[in-house]
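These are the residues of each chain, in order.
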Amino acid sequence: MFTLAHLSDIHLSPMPRAKRRHLLSKRLLGYVNWHRGRKFVHRRDYLDLLTRDLIERKPDHVTVTGDLVNLGLPEEFLRAAEWLHHLGPPDHVTAIPGNHDAYVRLHPERGTRHWQPYMEGNAAGEALFRTPDTGFPFVRRYGDIAIVALSSAIPTMPFIAAGKLGRPQLDYLASALDTLGREGLFRVVLIHHPPLPGQAGWRRGLRDATKLREVLRAHGAELVLHGHDHAQTVHELDTASGTALIVGVPSASEAVEGQSPAARYNEYMIERSGDGWRVEMVGRAAASNEHVWECERRILRDR
């Protein structure tokens, strides 16, 4: 059995002090929005509570599907790198960017490059699929489990939180899925934005969701994990190799009064079952900033 943990939408706080020159962009609106409300929603104490719980449960691997930062300030990326290091070493944790991690155009050396060890294929994955020069998708293999990591993060105009993969990344994804499928591996696709058409509106959705759906249908996948909507969702998609599970997870730091559970992460227990797979999902949520509880246990697939 392989245990895979999934967190998303970290929105690491507290916010670093912003210099005036950093706010001469879309960041200004985000900075005001953060201090008028979002800083009361995304709580570091909730995130730290879930992180401790996850580390204590010792999953085989951890995935983080984006939005580690808020405004894309250079200091935020350094702090996010420290948080990832606390979560685990790069061979134990896979991360991808979200729209907040591409909030504005920023040279990679000052941004997500700080997380590069967490955003690259491992030797076993590279042996099956070589990462393109663009960096995505990359593949990590752990025994019978193959993680295919995508980036839907693009800079956008104010009030827009949309994402896009682009034709080259979709073509590479199709090739990777075919190769991993021929090896008989359990394919886990990571993306920040919800991957199916209609899951998010135009301002927040994946621009090429229809094209991604067609790639998944034609080439197959077993599990697709995403964030962005800050909600727990489960969808199924018929593909050439069987049913693909599409699962979204809430924010790992969100604490909304009256909403239970708020902050949450999921664990997936994956094992072979006959000529198929068995997948059990366990939700771990922060009922308060004091303890974590099992809010859901559900068998998503059995062959």
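What comes next concerns the included structure. On a predicted model such as this, the values are computed, not experimentally measured, just so you know. Counting starts from 1 at the beginning of each chain's written sequence and moves along it residue by residue. Where local features are concerned, this predicted model is filtered to residues with pLDDT of at least 70; where side-chain atom pairs are given and counted, the filter is 80 or more; whole-chain, interface and lining totals use all residues. The side-chain figures draw on all heavy atoms in the structure; neither hydrogens nor water molecules are used.

### Some thoughts on the overall build of the protein
Working definition: helices are DSSP H or I runs of at least four residues, strands are E runs of at least two. Numbering for both runs from the N terminus. Counting secondary structure elements, the protein contains six helices and 12 strands. Between the two quantities, the radius of gyration covers C-alpha atoms and the globule rule is 2.2 Å times the number of residues to the power 0.38. Relative to the compact-globule value of 19 Å for 303 residues, the protein shows a C-alpha radius of gyration of 18 Å, a close match. Counting only C-alpha atoms and orienting by the principal axes, one finds that the protein spans roughly 55 × 40 × 35 Å. Relative accessible area decides the class of each residue, using a 1.4 Å probe on protein chains only: under 20% of the type maximum gives buried, over 50% gives exposed, and in between gives partly exposed. By the burial criterion, 56% of the 303 residues in the protein qualify as buried. The long-range fraction of contacts in the protein, counting pairs at least 24 apart against all pairs at least 6 apart in sequence, stands at 67%. By the convention used here, residues are in contact when the closest approach between their heavy atoms is within 4.5 Å.

### Let's talk about the nonpolar core
Formed by 52 residues in total, the largest nonpolar core has its most connected members in Leu7, Val64, Trp83 and Tyr268. Take this core: its biggest share by element is six residues, from helix H3 (residues 74-87). Apart from the residues within four sequence positions on either side, Val64 is in contact with Leu7, Ile10, Trp83, Leu84, Leu87, Val93, Thr94, Ala95 and Ile96. Counting residues in hydrophobic clusters, the runner-up holds 26 residues, among them Ala176, Val189, Leu216 and Leu237. Nonpolar core, defined: a set of buried Ala, Val, Leu, Ile, Met, Phe, Trp, Tyr and Cys residues in which side-chain atoms within 4.5 Å join the residues together.

### Things to note about the pattern of salt bridges
Side chains bearing opposite charge may pair, as long as their charged atoms lie close to each other. Salt bridges are defined as contacts in which a side-chain nitrogen from Lys or Arg sits within 4 Å of a carboxyl oxygen from Asp or Glu. A complete count under the given rule lists 17 salt bridges for this structure. For Arg79, the salt bridge identified is with Glu75, shortest N-O distance 3.5 Å. With a gap of four residues between them, Arg79 and Glu75 both fall in helix H3, about one helical turn apart. Looking at Glu75, the relative accessible area reads 37%, which means it is partly exposed. A salt bridge links Glu222 to Arg187, with the nearest nitrogen and oxygen atoms 2.9 Å apart. Linking Glu222 in the loop between helix H6 (209-219) and strand S7 (223-226) with Arg187 in strand S6 (residues 186-190), this pair joins segments that are 35 residues apart in sequence. Glu222 sits in the buried class, given a relative accessible area of 5%. Where salt bridges share partners, they join Arg278, Glu280, Glu294, Arg297 and Asp302 into one cluster.

### Re the packing of helix H2 (residues 44-57) against H3
Between N-to-C directions, angles span 0 to 180 degrees; the directions come from axes that are lines fitted to C-alpha atoms, helices contributing only their stretch in contact. In the contact formed by H2 and H3, the axes pass within 10 Å of each other and the chain directions differ by 30°. Taken together, H2 and H3 sit at an angle that is classed as roughly parallel. On H3, the residues that touch Arg44, Leu47, Thr51, Leu54 and Ile55 of H2 are Trp83, His86 and Leu87. Among the residues making up the contact of H2 with H3, the classes are represented as five nonpolar, two polar and one charged. Angles below 35 degrees are treated as roughly parallel, those above 145 as roughly antiparallel, those between 65 and 115 as roughly perpendicular, and all remaining angles as oblique. For this classification, Asp, Glu, Lys and Arg are treated as charged, while Ala, Val, Leu, Ile, Met, Phe, Trp, Tyr, Cys and Pro are nonpolar and the rest, including Gly, are polar.

### With respect to the packing of aromatic side chains
Ring geometry is summarised as follows: Phe, Tyr and Trp rings, the Trp one being its six-membered ring, pair when their centres sit within 6.5 Å, and such pairs are stacked at plane angles under 30 degrees, edge-to-face over 60 and tilted between the two. Applying the stated criterion across every chain yields a total of five aromatic pairs. Taking the centre distance of 5.4 Å and the plane angle of 40° together, the rings of Phe77 and Trp115 count as tilted. Of this pair, Phe77 sits in helix H3 while Trp115 sits in the loop between strand S3 (93-96) and helix H4 (123-126), placing them 38 residues apart in sequence. Across the pair, Trp115 and Phe77 agree in class, each one buried. Between Phe186 and Trp277 the ring centres are 5.1 Å apart and the planes differ by 70°, which places this aromatic pair in the edge-to-face class. Of this pair, Phe186 sits in strand S6 while Trp277 sits in strand S11 (residues 276-286), and the two are 91 residues apart along the sequence. The buried category is assigned to Phe186, whose relative accessible area is 0%. Residue class for Trp277 comes out buried when judged on its relative accessible area of 8%. Only when the NZ atom of a Lys or the CZ atom of an Arg is both within 6 Å of the ring centre and within 35 degrees of the ring normal do we say a charge sits over the ring. When the ring centre of Trp202 is taken as reference, the NZ or CZ atom of Arg207 above it lies at 4.0 Å.

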